[in-house]
Amino acid sequence: MDAINGGINNFINILTGIAFAGFILFIIVGGLILMSAGGNPRQMEKGKTAMMNAVGGFAIIITARAVAGLIQSSLPH
C-alpha cells in the first residue's frame, strides 16, 4: 500500500509542477499583453483576463491537490 501511495504522491507532484509552470507562463503572457497594449482597452482587458484565468486555474489545481491529499490520508495504511 505504501508503494501505491508513493506513486500517487509522485504523480500529483508532477502534475502540480506542470500546472505551476503553466500558471507562470500565462501570467507572463498576460503581463506582456498588458504592457504592450499601448492604451488599447481591448488589449488591456485581454491581458487582465489571461492573468485572472491563470490565477483561477491555479487555485482550482491547488484545491484539487488538497482534496486528493485529504482522501489519500483518510484511506487505511
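Structure: above.
Each chain has its residues counted from 1, following the order in which its sequence is written. Only residues with pLDDT of at least 70 are given local features in this predicted model, and only at 80 or more are side-chain atom pairs given and counted; all residues enter the totals for whole chains, interfaces and linings. With hydrogens and water set aside, each side-chain value is computed from the structure's full complement of heavy atoms.

*Asks:* Mind showing me how you'd approach the overall build of the protein here?
*Replies:* Within the protein, the regular secondary structure consists of 2 helices and 0 strands. We take the radius of gyration over the C-alpha atoms and set the globule estimate at 2.2 Å times the residue count to the 0.38 power. Here the C-alpha radius of gyration of the protein, 18 Å, is well above what a compact globule of 77 residues would show, namely 11 Å. In terms of overall dimensions, the protein has a C-alpha envelope of 60 × 15 × 10 Å along the principal axes. Remark: exposure states derive from per-residue accessible area (1.4 Å probe, protein chains only) relative to the maximum for the residue type, with buried under 20%, exposed over 50%, and partly exposed in between. Looking at the protein as a whole, 18% of its 77 residues qualify as buried. Once local pairs closer than 6 in sequence are excluded, the contacts in the protein between residues at least 24 apart make up 61%. Surface accessibility follows the Shrake-Rupley procedure with a 1.4 Å probe radius. Residue values consider only the protein chains on display as shielding. Split by element, the accessible area of the protein, about 5600 Å² in all, is 74% carbon and sulfur. Elements are defined by DSSP. Helices are runs of H or I of four residues or more, strands are runs of E of two residues or more, and each kind is numbered from the N terminus. What makes two residues a contact is simply this: any of their non-hydrogen atoms within 4.5 Å.

*Asks:* Teacher, can you tell me more about helix 2 (residues 41-74) here?
*Replies:* Note that an α-helix has 3.6 residues per turn; residues three or four places apart therefore point the same way. By this rule the span expected of a helix is its residue count minus one, scaled by 1.5 Å. Taking 1.5 Å of rise per residue, 34 residues should cover 50 Å, and helix 2 covers 49 Å from first to last C-alpha, within 8% of that figure. Those residues of helix 2 lying buried are Gly47, Ala50, Ala54, Phe58 and Gln72. Tucked into the core, helix 2 has its buried residues touching helix 1 (2-35). Distance and chemistry together define a polar contact, namely a pair of N or O atoms within 3.5 Å, with one atom able to donate a hydrogen and the other to accept it when in protein, and with adjacent residues in sequence counting only for side-chain atoms on both sides. For helix 2, the N-terminal capping position is held by Asn40, with its side-chain oxygen 3.1 Å away from the main-chain nitrogen of Arg42.

*Asks:* It is not clear to me how the packing of helix 1 against helix 2 should be interpreted in this structure. Could you clarify?
*Replies:* When two helices pack together, their arrangement is captured by the angle between the axes and the distance separating the axes. Where helices are involved, their axes are fitted lines through C-alpha atoms of the stretch in contact, as for all axes, and angles between N-to-C directions lie from 0 to 180°. One can describe the packing of helix 1 onto helix 2 by two numbers: an axis separation of 8 Å at closest approach and a directional angle of 170°. Judged on the interaxial angle alone, helix 2 and helix 1 are roughly antiparallel. Crossing geometry of helix 1 relative to helix 2 is assigned as left-handed. Convention used here: angles under 35 degrees read as roughly parallel, angles over 145 as roughly antiparallel, angles from 65 to 115 as roughly perpendicular, and any remaining angle as oblique. In a left-handed crossing the near helix is turned counterclockwise from the far helix by less than a right angle, and in a right-handed crossing that turn is clockwise.

*Asks:* Where do I start with a nonpolar patch on the surface in this structure?
*Replies:* Note on patches: the residues involved have over 30% relative accessible area and no salt bridge, like charges join within 9 Å, and the nonpolar side chains Val, Leu, Ile, Met, Phe, Trp and Tyr join within 5 Å. The salt bridge criterion pairs a side-chain nitrogen of Lys or Arg with a carboxyl oxygen of Asp or Glu, the two atoms within 4 Å. On the surface, a nonpolar cluster with roughly 510 Å² of combined accessible area is contributed by Phe20, Ile24, Ile28, Leu32 and Met35. On the basis of relative accessibility, which here comes to 49%, the residue Leu32 falls in the partly exposed class.

*Asks:* Would you mind showing me how to read the environment of Val29 here?
*Replies:* Relative to the helices and strands, Val29 is located in helix 1. In this structure Val29 comes out as partly exposed when scored by relative accessible area, which is 35%. Put simply, Val29 and Met51 are 22 residues apart on the chain and 8.0 Å apart in space, counted from C-alpha to C-alpha.

*Asks:* What is the right way to read the environment of Ile27 from this model?
*Replies:* As for its placement among the helices and strands, Ile27 is situated in helix 1. For the pair Ile27 and Gly47, spaced 20 residues apart in sequence, the C-alpha to C-alpha distance is 8.9 Å. Discounting chain neighbours no more than four positions away, the residues touching Ile27 are Met51, Ala54 and Val55.

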